[in-house]
Amino acid sequence: MNRAQKIAWSLVITISTGLIAGCLAFAVLYFKVGMPRALAGFALIGIAGLGGLSSLIFRKDKGKVAFDERDEVIKRKAALASFASALLFVGLACMIPFFVLGPNAAISVTWLPNIWIGAFLTSFFVHSVTILVQYGWRNKNESK
Amino acid sequence: MSQNELKNQIRRLRFENGEMTQQQLADLVGVTRQTIIAIEASKYAPSLPLAFRIAKTFGVPIEGVFQYEGEDS
């Protein structure tokens, strides 16, 4: 497993953990204290930020060559997929309220940073998953 | 082109060339061992320059290493 895969795994784990913990905390607080204080539960999504440390934890790969043409292709595909997913997220976040609330409704501007965070997390998650899928979830067919 | 359409003889050539390891071949052609593993398993189609470098390492023509087995081959 190379450095990119290790970082991708840690991002997938931290983002998933953050999202699950945030949603669970929201659900628990919703029944205990109700809205809008239950929204504080989503603060646990901040756990996903720990994934940012992975690039510091995992050092460069040993060996003569650490990055080659296949890594470049995988990196490019992952970047494309992450950009597309972020665009899709922002698109949906803009269009769904329009269709659900109607053209004359107004929403709080506090949703804007949330959309930004959501797009950011979606982008990183899809980037990591694409990297893992491209490399293969684990190293098979390895032989001397 | 599906990557599985590109068959290769790298594994056989490695063993015929003094049981060369994947890491040794990777170092000689300037890629990671993971890439050699992916090429051997026909999961990755190498670029033309890399294919030529592999063939040159084994001292055989490129068609001695890679064979295209698509429908129109």
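Quick look at the structure, then. (Residues numbered from 1 in each chain as written. Chains lettered and ligands numbered in written order. Predicted model: local features only at pLDDT ≥ 70, side-chain atom pairs only at ≥ 80, totals over all residues.)

1. Looking at the overall build of chain A
- Looking only at helices and strands, one finds four helices and zero strands in chain A.
- Computed over the C-alpha atoms, the radius of gyration of chain A is 19 Å, more than 25% above the 15 Å expected from 2.2 N^0.38 for a compact globule of 144 residues.
- The dimensions of chain A, computed from C-alpha atoms along their principal axes, are 60 × 35 × 25 Å.
- Residue burial in chain A is summarised as follows: out of 144 residues, 20% are buried.
- A separation of at least 24 residues holds for 78% of the contacts in chain A among residues at least 6 apart in sequence. (Helix = DSSP H or I, 4+ residues; strand = E, 2+ residues; numbered from the N terminus. Rg over C-alpha atoms; globule rule 2.2 N^0.38 Å. Buried ≥ 20, exposed ≤ 12 C-beta atoms within 10 Å, placed from the backbone. Contact = placed C-beta atoms within 7 Å.)

2. Points about the packing of helix 2 (residues 22–29) of chain B against helix 3 (residues 33–40) of chain B
Residues and elements named next belong to chain B.
- Running from amino to carboxyl end, helix 2 crosses helix 3 at an angle of 105°, the nearest separation of the two axes being 8 Å. The angle between the axes of helix 2 and helix 3 places the two elements in the roughly perpendicular class. Contacts from Gln22, Gln23, Leu25 and Ala26 in helix 2 reach Arg33, Thr35, Ile36 and Ile37 in helix 3.
- Here the residues of the contact of helix 2 with helix 3 are counted per class, giving four nonpolar, three polar and one charged. (Axes fitted to C-alpha atoms, helices over the stretch in contact; angles between N-to-C directions. Parallel < 35°, antiparallel > 145°, perpendicular 65-115°, else oblique. Nonpolar A, V, L, I, M, F, W, Y, C, P; charged D, E, K, R; others polar.)

3. Structural notes on the interface of chain B and chain A
- Across the boundary between the two partners, chain B contributes 15 residues, which contact 10 residues of chain A.
- Taken together, the elements giving at least two residues each to the side of chain B that touches chain A come down to helix 2 and helix 3 of chain B.
- Here the side of chain B that touches chain A is built from residues that sort into seven nonpolar, seven polar and one charged.

4. Some points on helix 1 (residues 3–32) of chain A
All names here are of chain A.
- With 30 residues, helix 1 should cover 44 Å at 1.5 Å per step; its first-to-last C-alpha distance of 43 Å lies within 8% of that length.
- Inspection of helix 1 places Ala4, Gln5, Ala8, Leu11, Thr14, Ile15 and Gly18 among the buried residues, and these make up the whole buried set.
- Taken together, the buried residues of helix 1 touch helix 2 (54–57), helix 3 (69–101) and helix 4 (111–135).
- Just past helix 1, the residue Gly34 takes up positive phi, approximately 75°. (Expected span 1.5 Å × (residues − 1).)

5. Some remarks on the nonpolar core
- With 14 residues, the main nonpolar core has B:Ala26, B:Val29, B:Ile36 and B:Ile39 as its most contacted residues.
- Considering every element that reaches this core, the biggest residue donor is helix 3 of chain B, with four residues.
- Judged by nonpolar contacts, the second largest core, of 13 residues, contains A:Ala4, A:Ala8, A:Ile15 and A:Leu121. (Core = buried A, V, L, I, M, F, W, Y, C linked by C-beta atoms within 7 Å.)

6. Some points on the environment of B:Val29
Residue and element names in this part refer to chain B.
- Turning to its location among the elements, Val29 is positioned in helix 2.
- Val29 sits in the buried class, given 22 other C-beta atoms within 10 Å.
- C-alpha of Val29 to C-alpha of Pro49: the two residues are 20 residues apart in sequence and 9.9 Å apart in space.
- Leave out the neighbours within four places in its chain, and Val29 touches Leu50, Arg53, Ile54 and Thr57.

7. Details of the packing of helix 1 of chain A against helix 4 of chain A
Residue and element names in this part refer to chain A.
- At a closest axis distance of 9 Å, the pairing of helix 1 and helix 4 adopts a crossing angle of 135°. Classified by the interaxial angle, the pair formed by helix 1 and helix 4 is oblique. Judged by the twist between their axes, the crossing of helix 1 over helix 4 is left-handed. Packed against helix 1, whose contacting residues are Ala4, Gln5, Ala8, Trp9, Leu11, Val12 and Ile15, the element helix 4 presents Leu121, Phe124, Phe125, Ser128, Val129, Ile131, Leu132 and Tyr135 at the interface.
- Partitioning the contact of helix 1 with helix 4 into residue classes produces 13 nonpolar, two polar and no charged. (Left-handed = near helix turned anticlockwise from the far one by under 90°.)

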